[in-house]
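Residue strings, one per chain:
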Amino acid sequence: MNRQSSFGRLGQAGIILVGPKYPENIGASARIASNFGIGELVVVSEERFDQERMLKMATHKAAALIREMRVCRTTAEAAAPFHLIVGTTARQGRHRPEDQTPREVMAILAPLMAANRIGLMFGPESTGLCNEDLDLCQFASTIPTAGFSSINLAQAVAIHCYELYAAAHPHPFAAIPKSEFANSFDLEGMYEHIEEALNEITFLQDTNHVYWMRNIRQFLGRVQLKKREASMIRGICRKLLWHGRQKSDSTAAEQESPGQDISQ
């Protein structure tokens, strides 16, 4: 039985917890995921969490999510299978994606849920997601509050899962088609090629490197590239790199080759 049939229409969605501190929050997140039919729990951490403490909060109905939980060393590894990722944040910043409420984000995602794997990403309890984590997200979601913005991790997970479930409810799913969108793994490979090509033509400098790459990520993230489009951009970058290196090799060969001695 596949994840979709086991968990319902949100079976292809997943919760990504980056650097959680307390096993109880992981267990509570698993319980919430099970409540709303979300089929995967991913944790980014090098720490080994106490399974009994997680299972106590998860209860027996969500125990399978804890036992099958995917544990990753990096956020990029955790994000790789997902096509569209929502990063949750309470902090504002000019280098961050445009914030929307959970309801606004899920309304955009609702028509795309049937064919794409959706990830909901949450940061550590004390600091939230950093800019590098948000670079992997196509959407940023902020829960509006009446002044006091500190919300418990499990509460934030519950609010986002509910909004995802509510947005999906009016959209009955038939057969699950294969997604045409590039997933995070595809996009990260594309960004590496873009960065390499821009370095080659000296567009990126030490002083503006992070600024321009973050802006390029945010722009292309809003476009929602399809797999073949990301592949096309990688192909263009590879060709640019090849031509640049061919030209460099040719110039170097001309400089090393001695000219014909006309005195002979």
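Residues numbered from 1 in each chain as written. Predicted model: local features only at pLDDT ≥ 70, side-chain atom pairs only at ≥ 80, totals over all residues. Heavy atoms only, no water.

Help me out: how do you make sense of empty space enclosed by the protein in this one?
Vacant regions in the atomic arrangement are exposed by a probe of water-molecule size rolled over the atoms. One pass over the full model with this rule turns up three cavities of 30 Å³ or more. The volume enclosed by the largest cavity comes to roughly 80 Å³. Forming the boundary of the largest cavity are 13 residues, of which Asp 135, Leu 136, Cys 137, Tyr 191 and Arg 217 lie nearest the centre. Contributions of two or more residues to the lining of the largest cavity are made by α9 (184-200) and α10 (209-223). No other element matches α9, which puts four residues into the lining of the largest cavity. For the second largest cavity, the full set of lining residues is His 83, Leu 84, Gln 138, Phe 181, Ala 182, Leu 187, Tyr 191, Leu 220, Gly 221, Gln 224 and Leu 225. The set of elements that each furnish at least two residues to the lining of the second largest cavity consists of α9 and α10. (1 Å grid on protein atoms, 1.4 Å probe; cavity = no way out; pocket = protein on both sides within 12 Å on 5 of 7 lines; lining within 4 Å. Points joined across faces, edges and corners; volume = space filled by probe spheres on them. Helix = DSSP H or I, 4+ residues; strand = E, 2+ residues; numbered from the N terminus.)

Can you help me understand a nonpolar patch on the surface in this one?
A cluster of nonpolar side chains, Ile 201, Phe 203, Tyr 211 and Trp 212, forms an exposed patch at the surface whose accessible area comes to about 400 Å². Residue position: Trp 212 is located in helix α10. The class for Trp 212 is partly exposed, based on a relative accessible area of 34%. (Patch = residues over 30% accessible without salt bridge, like charges linked within 9 Å, V, L, I, M, F, W, Y side chains within 5 Å. Areas by Shrake-Rupley, 256 points an atom, 1.4 Å probe, with all protein chains shown as cover. Salt bridge = Lys/Arg side-chain N within 4 Å of Asp/Glu carboxyl O. Buried < 20%, exposed > 50% of the residue type's maximum accessible area, 1.4 Å probe, protein only.)

Would you take a moment to explain the confidence of the model for the protein for this structure?
Interpretation of the predicted coordinates at a detailed level should be avoided for regions scoring low in pLDDT. In this model, the protein carries an average pLDDT of 86, and 84% of its residues clear a pLDDT of 70 or more. No element of the protein has a lower mean pLDDT than helix α1 (residues 3-7), which averages 47, and none a higher one than strand β1 (residues 14-18), which averages 98. (pLDDT = per-residue confidence, 0-100.)

Looking at this structure, I do not really get α9. What am I missing?
Helical geometry: 3.6 residues make up each α-helical turn, so side chains three or four residues apart lie on a common side. Along its 17 residues, α9 runs 24 Å from first to last C-alpha, staying within 8% of the 24 Å computed at 1.5 Å per residue. Along α9, the positions that sit buried rather than exposed are Ser 184, Asp 186, Leu 187, Glu 188, Gly 189, Met 190, Tyr 191, His 193, Ile 194, Ala 197 and Leu 198. Among the residues of α9, the N-terminal cap falls to Asn 183, whose side-chain oxygen and the backbone nitrogen of Phe 185 are separated by 3.1 Å. Residue Thr 202 follows α9 closely and has a positive phi angle near 60 degrees. (Expected span 1.5 Å × (residues − 1). Polar contact = N/O pair within 3.5 Å; in protein donor to acceptor, adjacent residues only side chain to side chain.)

I keep staring at the pattern of salt bridges and nothing clicks. Help me out?
A side chain with one charge can pair with a side chain of the opposite charge if their charged atoms come near. All told, the structure shown has ten salt bridges when counted by the stated rule. Among the ionic pairs, Glu 40 bridges to Arg 70, the shortest N-O distance being 3.0 Å. On the criterion of sequence distance, the pair formed by Glu 40 in strand β2 (residues 40-44) and Arg 70 in strand β3 (residues 70-72) is long-range, its members being 30 residues apart. Overall, the relative accessible area of 23% leaves Arg 70 in the partly exposed class. Residue Arg 73 pairs with Glu 46 through a salt bridge whose shortest N-O separation is 3.3 Å. Taken together, the residues Arg 73 in the loop between β3 and α5 (75-79) and Glu 46 in the loop between β2 and α3 (51-58) connect sequence positions 27 residues apart. Comparing Arg 73 with Glu 46, the two get one shared label, exposed. Because the salt bridges share partners, they merge into one network encompassing Glu 40, Arg 70 and Arg 117.

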